[in-house]
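Fold and contact review
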Amino acid sequence: MKHNNQDNDLDRQIEVNLRRVFQEKISEPVPDKFLQLLKELKDQEDQHDRA
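The structure reproduced in this document is the subject of the present report. (Residues numbered from 1 in each chain as written. Predicted model: local features only at pLDDT ≥ 70, side-chain atom pairs only at ≥ 80, totals over all residues. Heavy atoms only, no water.)

Concerning the pattern of salt bridges
Side chains that differ in charge, positive against negative, can pair when their charged atoms come close. This is how it is decided: Throughout this description, the term salt bridge denotes a Lys or Arg side-chain nitrogen within 4 Å of a carboxyl oxygen of Asp or Glu. Runs of H or I in DSSP of at least four residues are treated as helices and runs of E of at least two as strands, each being numbered from the N terminus. Relative accessibility decides the category of a residue: with a 1.4 Å probe and only protein chains considered, values under 20% of the type maximum give buried, values over 50% give exposed, and everything between is partly exposed.
In the structure shown here, the tally under the stated rule is six salt bridges. For glutamate 15, the salt bridge identified is with arginine 12, shortest N-O distance 3.5 Å. With glutamate 15 and arginine 12 both in helix α1 (residues 2-27) and three residues apart, this pair spans about one turn of that helix. Take glutamate 15: its relative accessible area is 32%, and that puts it in the partly exposed class. Put simply, arginine 20 and glutamate 24 hold a salt bridge, and the shortest N to O gap is 3.4 Å. Residue arginine 20 and its partner glutamate 24 are both found in helix α1; the two are separated by four residues, about one turn of the helix. Here arginine 20 falls in the partly exposed class, since its relative accessible area comes to 44%. One network of salt bridges, with partners in common, ties together Arg12, Glu15 and Arg19.

Okay, structure coming up:
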């Protein structure tokens, strides 16, 4: 059973760290370059829809 408790502790530690890292990432602003690319794609789509 000791091995099982160690596995559970390790699983919990991994889960906590993954949640922390992902939470930090989703709190970051979207890079300007990515926003520009999205805008260009939307503009192209709008032009295509009008044609």
